[in-house]
Every structure is written in C-alpha cells, then in structure tokens.
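Architecture at a glance
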Amino acid sequence: MSQLNQKTKGILCIITAAFFFSVMNVFIRMAGDLPSVQKSFFRNLVAMLFAALVLLRNRQPEGLDRNKILWLVLRSVFGTASLLCNYYAVDHLVMADAAMLNKIGPFFAILCSFLLLGERIAPFQGAAVAAAFGGSLLIVKPTGLSMELIPAVIGFLGGAFSGVSYTMVRVLGKKGVRGPFIIFFFSTFSCTVTLPALLLDYHPMTAAQLGILMLAGLSAAAAQFAVTSAYRFAPAKELSVYDYSQVLFSAVLGFFLFHQVPDALSWLGYLVIFATALAMFFYNTRSAQAQ
C-alpha cells in the first residue's frame, strides 16, 4: 500500500507541476517582446532565490559527494539546454509545432529510466503513453509545413533534453538529494550560463514587465518543486501520461485569458488524454494491490 501512496503522490505532484507550468507560460506571454534568454534568466533567478530560502530555513547538511555532484551537473546541463532550446523553438516556430516537439520529453524520460535505472516498461504503460501522445497531437495539430529544419531540430532536442533531465532528477532522488537543493543547483547553474548573453542583449523593461516576469518565476519555482518531487516519488513510466495534463490546463487558461476556442479535434484530444490517464491510474492501482 505504501508503494501505491508513493505513486499517487507522484501523480498529484506532476499534475500540480503541469498547472504551474501552464500559468508560467501565460505570464511569459504577457511579458511581451523580450529576448527569450532574458525571460529565462528572470524565471530561474526567482526559482533560485525561492529554493535558497527553503534551504536556509531547513539548514540540513546535504552530504554531497563526487557522484552526486556529477548527476547534479548533468541534470543542470540538460535542463538548461532544454529550456533554451524550447524558448528558441517558441520564438521561431508556429506555437503548435513547438508545443508538439516539447511533448516528446516523456518518451525520453521513459527510455532513460530504462537505460539508467533499469525500470522495466509494461506493454500497457507504453501503449498508454503513446495514446496520450496521440491525444496531444490532436490538440496541437502541428502543420509540418512551416517547420524550418534548424528550429525544428532544436525544438526536438529541447523535448529530448527535458526527458533526460527529469530522469536525472529521479536518479538524484534515489541518491537522497533533496528536491530544494536540486532546484537551487539547477537554477543557479542556468542563471550563471545565461548571464553573459543577458548582459550582451539586455532590453529595458517596464515595472509591469518586471512584475510579470517575477510572477512567471514564482510559477516556475512552484512547478519545479512539484515536478522534482514527482520524479522522486515515482518512475517516469508511472507519470508520463499525467504530464499531458498541461495541454488541458493551457487550453482552459487560453480560453479565459486569450479567448482561444478549441476546435472539435482538440476536444477529442482532451477526451483521449483524460481516458488514458484514468486507465493508467486503474492499472497502477491494480498492479500495486497485486504485489
């Protein structure tokens, strides 16, 4: 029963992360015409400060060794690469195409979990992730016609790097590294890497833009805490389907804030994702009870 509880916690955390990532994207869009590196820097700066406050409040020694530091650096490298690639894709591709490319992350998370952690993938779980991917395809409807080769490849790499980085979060969780420290290390690393580019191409901001970016950073911090906890609670194969709930949250926020009305194919995609998530939940429940 304890194993089921861990899975349930992981599911709740990944859905929470999906919601806050959707809110973050709303604020990023509201921030206006600013360089993607500048938006990325302020997003990570707030997350870094938030994680630092949590660490200072707890004041527990982390007990790092060379092996843990190596995984932290790898998580930060792939996470930062994913962030920059995804922003580049959003800036140079049709939004639907960029979103679709970003949704390959869960597939790479499952593959990397198999390669790095030896976590087996049941046929039903693989089929469920494929079904959720198909549901997302119905929603975002990538045209393929406007996808230039270089931005498309970069967007694909962004999704792949995302899956790899979250697998490394799970590796770190298994090694006992706390979530707030993982977030602090990653955010600090990302800020350090993007700072030179920010200084070279800084665009002055209004007070409103700065405030919106601060809110985007807070939303990102909440999402990172949730997703870090999720992959520490449960393996990628148990969570990947629920990561697609971000598409649903984005649709609702887009409707109320930007008056975007989904078409019939989008509604069909929502149905597929909900049905798949529900089927996966019952499958995990039965599997845990059988053990």
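Quick summary incoming for the structure in this document. Because the structure is predicted, anything quoted here is derived from the model rather than measured.

1. Quick notes on a nonpolar patch on the surface
Together, Leu111, Phe114, Leu115, Leu116 and Ile121 make up a nonpolar patch on the protein surface, roughly 470 Å² of accessible area in all. Among the structural elements, Phe114 can be located in helix H5 (residues 105–117). Of the residues examined, Phe114 reaches a relative accessible area of 45% and is grouped as partly exposed.

2. A short note on the side chain of Arg178
Of note, Arg178 is situated in the loop between helix H7 (149–174) and helix H8 (179–200). Residue classification places Arg178 among the buried positions, given a relative accessible area of 17%. Once residues within four sequence positions are removed from consideration, Arg178 is found in contact with Leu55, Asn58, Gln60, Glu62 and Arg232.

3. Overview of the nonpolar core
One finds Leu213, Tyr231, Val241 and Tyr242 to be the most contacted residues of the largest nonpolar core, which totals 59 residues. The residues contacting Val241, other than those within four sequence positions of it, are Ala128, Val129, Ala132, Thr276, Ala277 and Met280.

4. Concerning the packing of H8 against helix H9 (residues 207–233)
Viewed as axis vectors pointing N to C, H8 and H9 meet at an angle of 125°, and their least axial separation amounts to 9 Å. Classified by the interaxial angle, the pair formed by H8 and H9 is oblique. As H8 packs across H9, the resulting crossing turns out to be right-handed. Packed against H8, whose contacting residues are Gly179, Pro180, Ile182, Ile183, Phe186 and Ser187, the element H9 presents Gln224, Phe225, Thr228 and Arg232 at the interface. Classifying every residue of the contact of H8 with H9 by side-chain character gives five nonpolar, four polar and one charged.

Conventions adopted
- Residue numbers restart at each chain and count upward from 1, following the sequence in its written direction.
- Per-residue local features are limited, in this predicted model, to residues with pLDDT of at least 70; the limit for side-chain atom pairs, both in listing and counting, is 80 or more; totals at the level of whole chains, interfaces and linings are taken over all residues.
- Note that the side-chain values use all heavy atoms of the structure and ignore hydrogens as well as water.
- Put simply, a patch holds well-exposed residues, over 30% relative accessible area, that have no salt bridge, with like charges counted together within 9 Å and Val, Leu, Ile, Met, Phe, Trp or Tyr side chains within 5 Å.
- With residues, only the protein chains shown are counted as cover, and all accessible areas are computed by Shrake-Rupley using a 1.4 Å probe.
- Think of a salt bridge as a Lys or Arg side-chain nitrogen and an Asp or Glu carboxyl oxygen that are within 4 Å of each other.
- By the criteria applied, helices consist of DSSP H or I runs no shorter than four residues and strands consist of E runs no shorter than two, each listed in order from the N terminus.
- A 1.4 Å probe rolled over the protein chains alone gives each residue an accessible area, and that area as a share of the maximum for its type sets the label: buried under 20%, exposed over 50%, partly exposed in between.
- What makes two residues a contact is simply this: any of their non-hydrogen atoms within 4.5 Å.
- Only buried residues count toward a nonpolar core, which is a set of Ala, Val, Leu, Ile, Met, Phe, Trp, Tyr and Cys residues joined through side-chain atoms within 4.5 Å.
- Only the stretch in contact is used when fitting a helix axis, every axis being a line fitted to C-alpha atoms; angles between N-to-C directions are given from 0 to 180 degrees.
- Roughly parallel means an angle under 35 degrees; roughly antiparallel, over 145; roughly perpendicular, 65 to 115; everything else is oblique.
- By the definition used in this description, the sense in which the near helix is turned from the far one sets the handedness, with an anticlockwise turn below a right angle giving left-handed and a clockwise turn giving right-handed.
- In this count, Pro and Cys sit with the nonpolar residues alongside Ala, Val, Leu, Ile, Met, Phe, Trp and Tyr, while Asp, Glu, Lys and Arg are called charged and the others, Gly among them, polar.

So far we have only geometry, and geometry alone does not tell us how the molecule works.
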